[in-house]
Amino acid sequence: MKPVPHATSLRRAPVQRRSAERLTRILDACADLLDEVGYDDLSTRAVAVRAGVPIGSVYRFFGNKRQMVDALAQRNLERYSERITERLKAAEPGDWRAAMDAVLDEYLAMKRTAPGFSLVDFGNQIPVGARHAEPNHRVADRLTDLLSGYLGRTPDDDLRRTFLVAVETADTLVHLAFRVDPAGDEKIIREAREMLRAYLVRVLD
């Protein structure tokens, strides 16, 4: 079954399989509609219709569309973490370059293919430019916990700061690449990859 958001993103966590499947349909519908109509015109009723569920089912999990989008962002982070973990199973333990490529490449893949991701990603795009929830801190914390063992490093404040700097840098440059070209400007992405390598080589080598 597809991962569902952490319980803290929800008014009520699903207990039964049928309830979890309904939540998945709601979030899938939310993601599709974000691409079609944007956040301003998104409504809980439209999501319910698209998901094929009663409006009460939406309100069982979410008090409003903001909470629903936050849950979608959390699900994106869970799926992103799973994709990185799966990719690194085939890499040599301790290879930070393979880890960096996995982190960047999987983000780019989701940016290009995951419904709603261009607006929501991990929570920092709605309203546009809003960063009060500090999603990049959450991403950096997740990467620290996820990669510290693989890299043979202690998940301390120094490693968290390193990943936070890398995440903030990559976030800014990737968003620039997608503003220049809706498919992601490859030259800017290449520059971003080189900048990340230059920074990480002195910290992780």
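Scroll up for the structure.
Residue positions within a chain follow its written sequence, with the count starting from 1. Restriction of local features to residues with pLDDT of at least 70 applies here, the model being predicted, together with a cutoff of 80 or more for giving and counting side-chain atom pairs; totals for whole chains, interfaces and linings are based on all residues. The side-chain values count all of the structure's non-hydrogen atoms but skip hydrogen atoms and water molecules.

Peer 1: I'd like a description of the pattern of salt bridges, backed by residues and values.
Peer 2: Salt bridges are identified by distance alone: a Lys or Arg side-chain nitrogen within 4 Å of an Asp or Glu carboxyl oxygen. The tally for this structure, following the rule as stated, stands at 17 salt bridges. Across the salt bridge formed by E21 and R17, the nearest N and O atoms sit 3.1 Å from each other. In this pair, E21 and R17 both sit in helix α1 (residues 17-37), 4 residues apart, roughly one turn of the helix. Residue exposure (1.4 Å probe, protein chains only): buried if accessible area is under 20% of the type maximum, exposed if over 50%, otherwise partly exposed. For R17, a relative accessible area of 57% gives the class exposed. Strands are runs of DSSP state E lasting at least 2 residues, helices are runs of H or I lasting at least 4, and numbering of each runs from the N terminus.

Peer 1: Summarise α1; cite the residues concerned and give the values.
Peer 2: For a helix, the expected span equals 1.5 Å multiplied by the number of residues minus one. Taking 1.5 Å per residue as the helical rise, α1 with its 21 residues ought to reach 30 Å, and the 30 Å between its terminal C-alpha atoms agrees with that figure. Within the sequence span of α1, burial applies to S19, A20, L23, T24, I26, L27, A29, C30, A31, L33 and L34. Residue contacts follow a heavy-atom distance rule, with two residues in contact if any of their heavy atoms lie within 4.5 Å. On its buried face, α1 is in contact with α2 (44-51), α3 (55-61), α4 (65-88) and α6 (117-120). Of the residues flanking the end of α1, it is G38, one or two places downstream, whose phi is positive at about 85 degrees.

Peer 1: Which residues make up the packing of helix α5 (residues 96-113) against helix α7 (residues 135-151), and what are the values?
Peer 2: The axes used here are C-alpha line fits, helices contributing only the stretch in contact, and every angle between their N-to-C directions lies in the interval 0 to 180 degrees. The geometry of α5 relative to α7 is characterised by a closest axis approach of 10 Å and an angle of 150 degrees between their N-to-C directions. Looking at the two axes, α5 sits roughly antiparallel to α7. Relative to α7, α5 is oriented so that their crossing is right-handed. Contacts between α5 and α7 involve W96, A98, A99 and V103 from the former and L143, L147, Y150 and L151 from the latter. Residue classes follow a fixed rule: Ala, Val, Leu, Ile, Met, Phe, Trp, Tyr, Cys and Pro count as nonpolar, while Asp, Glu, Lys and Arg count as charged, and any other residue, Gly among them, counts as polar. Here the residues of the contact of α5 with α7 sort into 8 nonpolar, no polar and no charged. When an angle is under 35 degrees it counts as roughly parallel; over 145 it counts as roughly antiparallel; between 65 and 115 it counts as roughly perpendicular; any other value is oblique. When the near helix sits turned anticlockwise from the far one by under a right angle, the crossing is termed left-handed; a clockwise turn instead gives a right-handed crossing.

Peer 1: Pulling in residues and values, what's your account of empty space enclosed by the protein?
Peer 2: The rule is simple: put a 1 Å grid over the protein atoms alone, call a set of points where a 1.4 Å probe fits but cannot get out a cavity, call an open set with protein on both sides within 12 Å along at least five of seven lines a pocket, and count a residue as lining if it has an atom within 4 Å of a point. Grid points are joined across faces, edges and corners, and a volume is the space filled by probe spheres set on the points. Taken as a whole and judged by the stated rule, the model has 1 cavity of 30 Å³ or more. When its volume is computed, the largest cavity comes out at roughly 330 Å³. For the largest cavity, the lining is made up of 24 residues, of which Y80, V103, L143, V167 and A170 are closest to its centre. For the lining of the largest cavity, the secondary-structure elements that each account for two or more residues are α5, α7, α8 (157-180) and α9 (186-204). For the lining of the largest cavity, the per-class residue count stands at 20 nonpolar, 2 polar and 2 charged.

Peer 1: With reference to specific residues and values, describe the nonpolar core.
Peer 2: One finds Y80, I84, L147 and L151 to be the most contacted residues of the largest nonpolar core, which totals 38 residues. For this core, the elements supplying multiple residues, two or more each, are α4, α5, α7, α8 and α9. The element that contributes the greatest number of residues to this core is α5, accounting for 10 residues. L151 has contacts with G94, D95, W96, A99, F163 and L204, leaving out every residue within four places of it along the chain. In this structure, I26, C30, A48 and A73 belong to the second largest nonpolar core, which totals 23 residues. As used in this record, nonpolar core signifies buried Ala, Val, Leu, Ile, Met, Phe, Trp, Tyr and Cys residues forming a set joined through side-chain atoms within 4.5 Å.

Peer 1: Which residues make up the packing of aromatic side chains, and what values go with them?
Peer 2: Note on ring pairs: Phe, Tyr and Trp rings are taken, using the six-membered ring of Trp, and paired if centres are within 6.5 Å. Classes follow the plane angle, with under 30 degrees stacked, over 60 edge-to-face and the rest tilted. Counted under the stated rule, the structure contains 6 aromatic pairs. Centroid distance Y107 to F117: 5.6 Å. Interplanar angle 65 degrees. Geometry classified as edge-to-face. Here the residue Y107 occupies a position in helix α5, and F117 occupies one in helix α6, the gap between them amounting to 10 residues. Given a relative accessible area of 0%, F117 falls into the buried group. Grouped by ring-pair contacts, the aromatic residues Y80, Y107, F117 and F122 constitute a single cluster. For the cation-ring pair, K65 lies above Y39, with the distance from its terminal atom to the ring centre recorded as 4.5 Å. Our definition puts a charge over a ring when NZ of Lys or CZ of Arg is within 6 Å of the ring centre and also within 35 degrees of the ring normal. For K111, the ring lying beneath its charged end belongs to F178, and the centroid distance is 5.5 Å.

Peer 1: Go over α2, please, and point to the residues and values.
Peer 2: Each α-helix winds once per 3.6 residues, and so residues spaced three or four apart point in a common direction. Taken as a whole, α2 has its buried residues at T44, V47, A48 and A51. Axial view of α2: buried residues confined to an arc of 100 degrees, hence all on one face. Turned more than 90 degrees away from the buried face of α2, the exposed residues are R45 and V49. Phi turns positive, to about 70 degrees, at G52, one or two residues after α2. Regarding the arc, it is the one traced by the directions from the helix axis to the C-beta atoms.

Distances and angles like these do not, on their own, reveal function.
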